[in-house]
Amino acid sequence: MDLREYSLEEKNDFYKKFNLFNIGRTHAKVRNVFNINNNKKPNPNKLLVLETYASIDKAFLNKIKFDYFVVCPELAVTSEACKVVEKLSEYVEGYAVSKKVYQGIVDKTNKFGILVVAFFPLVEFAKIKIKENMTVLVLDGLEVQGNIGTIIRTSDGANVDLVVLTNKRIRITHPKFVRSSMGTCLSVPLVIAEVDETIYWLKRNGFKMYLTDTDAIKNYFEVDYSNRTCIVAGSEKYGIMKTWYDYHEKELIKIPMLGKADSLNVGVATSIIVYESIRKKI
C-alpha cells in the first residue's frame, strides 16, 4: 500500500491497526533514540538506530535482534515503509510520533519515517570459524566514521571474512558509521580487540600479514595474498601502531603515487588493496 496521496487522518487510521503507542518527545523511548545518536549516555548494550530502508532491510536479512521501532505516520508513506512496519510489528513493540518529534531525533534529510533501535551484532575471536584462504582486514586507529563505514561496505562487497577494529577511536553505534556502511556493518563480522590480542590470534592461526605503509618497497599488486591473509590499514594521521611491525610474518605494501599527493584517502586505498587481494584468491 502507498499512502502518499492520503490525508494525514487516513495515514493515522492505517497505522492504528498495528497497535502503535502514541508518544511525545519526552517519552523514554524517544529520549533513548536521541541519546544513542548523540552519545549522551553510556550504551553498554551497544544499541544503534537504523534510519533507512537499506539498513533495516539488512537487519532483517541478518536476523539482527530488535529492541523497538518508531514510526512517523506523516512520513512513512511509501509502500516499502508500510511493509516494513507490518513486518516489524510481528517482532517488537512500535511507537508513533509526530513529524516534529521524529525530525528532532534523526538526520534532518531522513524522510523514510521509520527508525529501529537494534542491538549491534559484535562477534568475538573465539566464535570465528577459521578456514583456508581466509581474508581478514584490520583497521588500526582509524578516526573518521565515514571512512570506516565505506571500508565496511567494501568488505561486504569483496566478501572479506572478518574486520577487526584495534586501537578503536570511533563509536560503532554512531549514525554516520551505520549510514556510510549502507547497513553492511550488520552483515560483515566485526570484532573490537586490543592490538596484542589480535596479533596473538593471527599468529596462532597462521595468517600472513600485509601492512599498508607509504614507505614500503613493494607495491600492493606485487604480492600474492595466498592462503590466510591479513591486511592492516592505519589512520591517515598516525599510521599503523608500532607494535604491528614486530610481527614476524609480515610484508609492507604501498599504492604507487604518480602525482603530487603522497597518499590516498584511507577508505579509497584500503578498498583498492582489498579487491586486489580478493582478485588473486579467485
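One can find the structure itself at the top, above this paragraph.
Below, the structure is looked at part by part.

Conventions and cut-offs
- Residues numbered from 1 in each chain as written.
- Predicted model: local features only at pLDDT ≥ 70, side-chain atom pairs only at ≥ 80, totals over all residues.
- Heavy atoms only, no water.
- Helix = DSSP H or I, 4+ residues; strand = E, 2+ residues; numbered from the N terminus.
- Buried < 20%, exposed > 50% of the residue type's maximum accessible area, 1.4 Å probe, protein only.
- Contact = heavy atoms within 4.5 Å.
- Areas by Shrake-Rupley, 256 points an atom, 1.4 Å probe, with all protein chains shown as cover.
- Phe/Tyr/Trp six-rings, centres within 6.5 Å; stacked < 30°, edge-to-face > 60°.
- Pairing = 2+ DSSP bridges.
- Axes fitted to C-alpha atoms, helices over the stretch in contact; angles between N-to-C directions.
- Salt bridge = Lys/Arg side-chain N within 4 Å of Asp/Glu carboxyl O.

Points about the overall build of the chain
Part 1 of the argument: The helix and strand tally for the chain stands at nine helices and 12 strands.
Part 2 of the argument: With respect to the principal axes defined by its C-alpha atoms, the chain has extents near 65 × 40 × 35 Å.
Part 3 of the argument: Per-residue burial for the chain yields a buried fraction of 50% across its 282 residues.
Part 4 of the argument: At a minimum sequence separation of 6, the contacts of the chain that also span at least 24 residues come to 82%.
Part 5 of the argument: Accessible surface, the chain: about 14,500 Å² in total, of which carbon and sulfur atoms supply 49%.

Side note on the packing of aromatic side chains
The way to describe two aromatic rings as a pair is by their centre distance and the angle between their planes.
Part 1 of the argument: Counted under the stated rule, the structure contains 13 aromatic pairs.
Part 2 of the argument: On the numbers, 6.5 Å between centres and 25° between planes, the contact of phenylalanine 120 with phenylalanine 177 is stacked. On the criterion of sequence distance, the pair formed by phenylalanine 120 in the loop between strand S5 (114-119) and strand S6 (135-140) and phenylalanine 177 in helix H7 (residues 175-180) is long-range, its members being 57 residues apart.
Part 3 of the argument: Its relative accessible area of 0% is what places phenylalanine 177 among the buried residues.
Part 4 of the argument: Pairing phenylalanine 125 with tryptophan 201 gives two aromatic rings, centres 4.7 Å apart and planes at 20°, and the pair type is stacked. Pair noted here: phenylalanine 125 is in the loop between S5 and S6 and tryptophan 201 is in helix H8 (residues 195-204), with a separation of 76 residues, a long-range link. For the pair phenylalanine 125 and tryptophan 201, a shared accessibility class is recorded, and that class is buried.
Part 5 of the argument: Taken together through their ring pairs, the aromatic side chains of Phe14, Tyr15 and Phe18 make up a single cluster.

Some remarks on the sheet that holds strand S3 (residues 66-71)
Part 1 of the argument: With mixed pairing, five strands are arranged side by side in an open sheet as S1-S4-S3-S5-S2. Of all strands in the sheet, those bounded by a partner on one side alone are strand S1 (21-22) and strand S2 (47-50).
Part 2 of the argument: Pairing of S1 with strand S4 (residues 94-96) involves two bridges; the strand directions are parallel. When the bridges of S4 are listed, asparagine 22 appears paired with alanine 96.
Part 3 of the argument: The sheet contacts of helix H2 (residues 28-38) involve S2, S3, S4 and S5, and relative to S2 the element is tilted by about 100°.

So, the pattern of salt bridges
Side chains carrying opposite charge are able to pair once their charged atoms draw close together.
Part 1 of the argument: Scanning the entire structure with this criterion turns up 11 salt bridges.
Part 2 of the argument: Among the ionic pairs, arginine 4 bridges to aspartate 2, the shortest N-O distance being 2.4 Å.
Part 3 of the argument: Note on aspartate 2: relative accessible area 30%, which makes it partly exposed.
Part 4 of the argument: Linking glutamate 143 and arginine 169 is a salt bridge whose minimum nitrogen-to-oxygen distance equals 3.3 Å. Taken together, the residues span a long stretch of sequence, with glutamate 143 in the loop between S6 and helix H6 (145-157) and arginine 169 in the loop between strand S7 (162-166) and H7 at a distance of 26 residues.
Part 5 of the argument: The exposure class assigned to glutamate 143 is partly exposed, which follows from its relative accessible area of 37%.
Part 6 of the argument: Overall, the relative accessible area of 41% leaves arginine 169 in the partly exposed class.

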